[in-house]
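# Chain and residue survey
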Amino acid sequence: MALPAPAPAVEPADEAPELIANGGFSEGTAPWWWTDNSPAAVVDGRLCADVPAGTANPWDAIIGQNALTLAAGEGYTLSYTATSTVPLTIRTNVQLGVDPWTTELSATQQVGESAERVSHTFTAAADHDAAQLAFQLGGSEKAFTFCVDDVSLRGGTAPPPYEPDTGSPVRVNQVGYLTHGPKNGTYVTEATEPLPWTLNAVDGTRRASGTTTPAGIDTTSRQNVHTFDFGAFTTAGQGYTVTVAGDRSEPFAIGDDLYASLRTDALAYFYHNRSGIEIDADLVGEEYARPAGHVNVSPNQGDNDVPCQPGVCDYRLDAAGGWYDAGDHGKYVVNGGISVAQLMSAFERTLTEESADAAPLGDGELPLPEHGNATPDILDEARWEMDFLMRMQVPAGEPLAGMAHHKLHDKAWTGLPTRPDRDPQPRELHPPSTAATLNLAATAAQCARLFVPYDAAFASRCGQAARTAWNAAKAHPDILADPDDGTGGGAYPDTDVRDEFYWAAAELFITTGQDVYRQEVLGSPLHGVTEAVFPRGGMSWGSTAGLGALDLATVPNRLSADQLKAVRGTVTQAADGYAADSGKAAYGIPYAPSDGHYVWGSNGQVANNMVVLGTAHDLTGKAAYRDAVLRGLDYLLGRNPLNTSYVTGYGERDARNQHHRFWAHQLDPSLPNPAPGSLAGGPNDAIQDPVAQSKLKGCAPAMCYIDHIESWATNEVTINWNAPLAWIAGYADDLGGGENRAATCEVAYTSQRWDGGFTTQVVLKNTGTRALSPWQLAWSFADTQRVTDTWGTTVSQTGPRVVAKALGWNASLPPGGTVRFGFNGKSAGQVNDPRVFRLNGLPCGVTPIR
């Protein structure tokens, strides 16, 4: 392309603002990027790129930085220091970052082994919102290493202080409110007296009204706010708005079926971010399709034969598959552990909670390729990660056999954007850790019980991996990840693994029933200590004891009645705290860390607190827990200080530029925005990245967020934030019409075990107000039970799913009436009574019938 001559230079004033972020590379490589063929890393405080031999054009190899703002007529000075191991002439451009690549500066410079300060001045001919600095390094026959440091671009006038666009001061859930759930909003105003509000239909007609409640200064945002409540209004519809003092909210819906698509999209996130498999356009659409990443197709390195970092081990592992953790291409056992556990728990909830519907998670329901295998899609997705986690186990006969490697990722960070199949970096296994090993033990134990009805061999493999990992962790209880091991991927250090021991012991006990694991649970210093199991700030990859407690409280196991009551008391006590936090918060958020700080991934912490609340509601039926969950959804979907839905594709003002190397539309218009259902990390008052530091200094905790792809500290996406979002979306979808889905039946189900088989008696009672004719009762086994012969009913079984249908003589079940039937069966393992029954598609209570 033709390169225009630069305009006459105008020397900017010394105090002109700095436009380059992280020009001294003290913060690592962000937000710098480079072409795939020239991987770069910070070496001795400089950014150094290895450029291959034989590039033809200057632009064949580039180091650059995007998102530069220039003003027409303003003068600018670019300066830097550079070296090259081979003398060459580079071209330095300040230009439009996309076609037609309009150039404001194009200068050539000879660079050799001696570092010299270089300076160029120019005047911008046009305004630019997203200009680009590009060091073009291509055109050499020889390979070389180019290093640059102290990059500065000064000029123009100082930008005004950053003010986030928060839109309307009337803040609501921009998706909507369940018909029979709470309906709250927040209004930002200087007023101190109550103000009138109106709820208006899409045609503008007034449907409800009231007055706001002044709430004073919200300490999380430093805003003066009022709240309002329109929960008494229960007419379903689309396009509602709330108006307060002339200010109108974003539109929203009221209805029962608001969250089905969010559950599906939040789970689809995991297929989108699979490693080692093509992402199929027929499943996700053309814009999100891509080739398989890290399958050893040039320039990719394959994950099927990965060496350790030098000095760590002398073997290689086939660690293909799994999920990319976040915006980078790393795969981390501790982050994968909590994520896959919550996906499996979302499915396991359908086996233990009468209001939970398994159908949306079933075979053929989610956008993934494993349809038609008679396995629920959510378990197929979990298997993709579980297979990877087990591949990370140290082989038998090696030192630390049975331990799990902490992580696998690139030797050096890749730039933005880089599609996974174009990542040229070598891949490396990092040392094993006790935390990773216990993550494997816990998730593999959960896998072992859930996959029995679908793939007994895989379930057995999971069980063996769990026991091996547990024994290895007990033998090596204090091998901790290096907090400084953060080049090319996150370090994920954890100095306290008591929570991982508790979680792993709980899952192994639930699955095996063995007393050795029961004693590990009961003897843990965390057991029964609510804030140790459920920290005030929420569960996370570094605080996992709550995962074990939630499963102990809900999944059938061999705790005594008193022990089970105590565990459930820990869950409800934690939920009481989160519900109280939500009730007091101006924005309804169930998140109030004791130090007041919003952490990296605060939205994930919010979602995890909601999981605890949802579980407490399942256990007790108390509306206070349900309401706190739904207020948390309100916060994530727009009722927050920034008036932003943190979930892509949901709400009028949704996050669109999360930190991701493929979903990078902000940097390259040919690439997509994040897929719908992707949860942004959210406010983080530590603001560790350069973009956040330049825009958000002094921000109130809940205001420390910017929807910018290079703000990885506030706007990253990760598997461990989307997993609880998927759990909560499923919970909210299951709530549906609330009181309209009350149980209309009760089941008493008892089984007696005999040699190689069992006999089951069932008593079904119609507790509704109308007769059912005909009727059918459905449930699923969570083990290897197979029905052989029946009486009083006709039973059909497909895999673990069983349907009992009425016979002619008992086809009508009147209100208050009961019917009795039974069957014999065989089982190769345990005989666990089902917990969830559906009569003609509606849930039944499981309570003894006298």
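The structure under discussion appears in the preceding block.
## Re the overall build of the protein
Counting secondary structure elements, the protein contains 16 helices and 36 strands. Relative to the compact-globule value of 29 Å for 850 residues, the protein shows a C-alpha radius of gyration of 29 Å, a close match. Each principal axis of the C-alpha atoms in the protein carries an extent, and together these give about 95 × 75 × 50 Å. Intrachain contacts of the protein at a sequence separation of at least 6 include 72% that bridge at least 24 residues. On the protein, roughly 31500 Å² of surface is accessible, and the fraction owed to carbon and sulfur atoms is 49%. Positive and negative side-chain charges of the protein, numbering 56 and 96 respectively, have mean locations separated by a distance of 9 Å.

## A short note on the pattern of salt bridges
Evaluated as defined, the whole model comprises 27 salt bridges. The salt bridge involving E18 is made with R154; its shortest N-O contact spans 3.7 Å. On the criterion of sequence distance, the pair formed by E18 in the segment before β1 (33-34) and R154 in strand β10 (residues 144-155) is long-range, its members being 136 residues apart. E18 sits in the partly exposed class, given a relative accessible area of 31%. The partner of R518 in a salt bridge is D515, and the shortest N-O contact between them spans 2.9 Å. One end of the pair is R518 and the other is D515, both in helix α8 (residues 515-522) and three residues apart, which spans about a single turn. The structure contains a network of salt bridges with shared partners spanning R263, R349, D618, D733 and D734.

## Thoughts on the nonpolar core
Within the largest apolar cluster, 151 residues are counted, with the highest numbers of intra-cluster contacts made by Y259, I378, W470, F534, L552 and V612. Beyond its immediate stretch of four places on either side in the chain, I378 contacts L267, L343, A346, F347, L361 and L366. With 35 residues, the next largest nonpolar core counts V51, Y76, A131 and L153 among its residues.

## Quick notes on the pairing of strand β33 (residues 801-805)
Strand direction decides the pairing type here: strand β30 (residues 776-780) and β33, joined by five bridges, are antiparallel. The residue bridging S780 from the neighbouring strand is R801, located in β33. Direction of pairing for strand β32 (residues 794-798) relative to β33: antiparallel, over a ladder of five bridges. Bridged to T798 within β33 is R801. Hairpin remark: β32 followed by β33, antiparallel, with two residues in the connecting loop; positive phi at G799, about 60°.

## What about the sheet that holds strand β7 (residues 103-111)?
Taken in spatial order, the five strands of this open sheet run β1-β4-β9-β6-β7, and their pairing is antiparallel. At either margin of the open sheet sits one strand with a lone partner, and together these are β1 and β7. Where strand β6 (residues 88-96) lies against strand β9 (residues 128-136), six bridges are found, and the strand directions are antiparallel. What sits directly across from N93, in β9, is A134.

## A few points about the state of the cysteines
A full pass over the atoms with the stated rule returns five disulfides. What pairs with C48 in a disulfide is C147, and their sulfur atoms sit 2.0 Å apart. In this structure the cystine formed by C48 and C147 twists about its S-S bond by roughly 115°; its chirality is therefore right-handed. Here C48, found in strand β3 (residues 46-51), pairs with C147, found in strand β10; they are 99 residues apart in sequence, far enough to count as distant. This pair shows no difference in class: C48 is buried, exactly as C147 is.

## Things to note about the sheet that holds strand β23 (residues 331-332)
A sheet is described by the order of its strands in space; here three strands give the open sequence β23-β25-β26, paired in antiparallel fashion. At either margin of the open sheet sits one strand with a lone partner, and together these are β23 and β26 (427-429). Relative to β26, strand β25 (residues 407-410) is paired through three bridges, and the arrangement is antiparallel. The partner of H409 across the bridge, within β26, is E428.

## Topic: the pairing of β9
When you tally the buried positions in β9, you get seven out of nine residues, the bulk of the element. Examined bridge by bridge, strand β4 (residues 62-70) and β9 share six bridges and lie antiparallel to one another. Within β9, the residue paired with I63 across the bridge is F135.

## Considering helix α5 (residues 434-450)
Taking 1.5 Å of rise per residue, the 17 residues of α5 would be expected to cover 24 Å, and the 25 Å separating its terminal C-alpha atoms lies within 8% of that figure. α5 sits mainly inside the fold: 17 of its 17 residues count as buried.

## Details of unusual backbone geometry
Following L416, the chain continues into P417 via a peptide bond in cis, with omega recorded as -15°. A cis amide bond, omega -5°, links S773 with the succeeding residue P774. Along the polypeptide, P774 turns up in the loop between β29 (757-766) and β30. With a phi close to 65°, A67 is a non-glycine residue in the positive phi region. You can call A67 partly exposed: its relative accessible area is 38%. In this structure, D150 takes a positive phi of about 50° despite not being glycine. Tracing the chain through its elements places D150 in strand β10. For D150, a relative accessible area of 41% puts it in the partly exposed group.

## Thoughts on the side chain of S38
Within the secondary structure, S38 is located in the loop between β1 and β2 (40-43). Residue classification places S38 among the buried positions, given a relative accessible area of 1%. Non-local contacts of S38, meaning those with residues more than four positions away in its chain, are made with A49, D50, V51, P52 and A61.

## Considerations on the packing of helix α3 (residues 333-352) against α5
For any two helices packed against each other, the geometry comes down to the angle between their axes and how far apart the axes lie. At a minimum axis separation of 9 Å, α3 and α5 run at an interaxial angle of 20°. With respect to their mutual orientation, α3 and α5 come out roughly parallel. Where α3 crosses over α5, the handedness of that crossing is left-handed. In this structure, α3 uses V333, V334, G337, I338, V340, A341, M344, S345, F347, E348 and L351 to contact α5, whose residues at the interface are A435, A436, N439, T443, Q446, C447, R449 and L450. Taken together, the residues of the contact of α3 with α5 sort by class into twelve nonpolar, five polar and two charged.

## Structural notes on the packing of aromatic side chains
For any pair of aromatic rings, the description rests on two quantities: the centre-to-centre distance and the angle between the ring planes. Applying the stated criterion across every chain, the model contains 35 aromatic pairs. An angle of 25° between the planes, with centres 5.5 Å apart, marks the rings of Y76 and F122 as stacked. Separated by 46 residues along the polypeptide, Y76 in strand β5 (residues 75-84) and F122 in strand β8 (residues 116-123) bring together distant segments of the chain. Residue classification places Y76 among the buried positions, given a relative accessible area of 2%. On the basis of relative accessibility, which here comes to 0%, the residue F122 falls in the buried class. Residues Y80 and F135 carry aromatic rings whose centres are separated by 4.9 Å and whose planes lie at 75° to one another, so their mutual orientation is edge-to-face. One end of the pair, Y80, is in strand β5; the other, F135, is in strand β9, with 55 residues separating them in the sequence. The two residues Y80 and F135 agree in class, both being buried. Three or more aromatic residues link up through ring pairs in this structure, and these residues are Y177, W197, F228, F230, F233, Y240 and F252.

## A few points about the side chain of D634
Looking at the element boundaries, D634 is found in helix α13 (residues 623-636). Notably, D634 is buried but unbridged: the nearest opposite-charge side chain belongs to R639, and the N-O separation is 4.5 Å. With near-sequence residues (within four places) excluded, D634 lies in contact with N173, Y177, N184 and R639.

Rules used in this analysis
- Residues numbered from 1 in each chain as written.
- Predicted model: local features only at pLDDT ≥ 70, side-chain atom pairs only at ≥ 80, totals over all residues.
- Heavy atoms only, no water.
- Helix = DSSP H or I, 4+ residues; strand = E, 2+ residues; numbered from the N terminus.
- Rg over C-alpha atoms; globule rule 2.2 N^0.38 Å.
- Contact = heavy atoms within 4.5 Å.
- Areas by Shrake-Rupley, 256 points an atom, 1.4 Å probe, with all protein chains shown as cover.
- Lys, Arg positive; Asp, Glu negative; His and termini not counted.
- Charge placed at Lys NZ, Arg CZ, Asp CG, Glu CD.
- Salt bridge = Lys/Arg side-chain N within 4 Å of Asp/Glu carboxyl O.
- Buried < 20%, exposed > 50% of the residue type's maximum accessible area, 1.4 Å probe, protein only.
- Core = buried A, V, L, I, M, F, W, Y, C linked by side-chain atoms within 4.5 Å.
- Pairing = 2+ DSSP bridges.
- Disulfide = S-S within 2.5 Å.
- Expected span 1.5 Å × (residues − 1).
- Axes fitted to C-alpha atoms, helices over the stretch in contact; angles between N-to-C directions.
- Parallel < 35°, antiparallel > 145°, perpendicular 65-115°, else oblique.
- Left-handed = near helix turned anticlockwise from the far one by under 90°.
- Nonpolar A, V, L, I, M, F, W, Y, C, P; charged D, E, K, R; others polar.
- Phe/Tyr/Trp six-rings, centres within 6.5 Å; stacked < 30°, edge-to-face > 60°.

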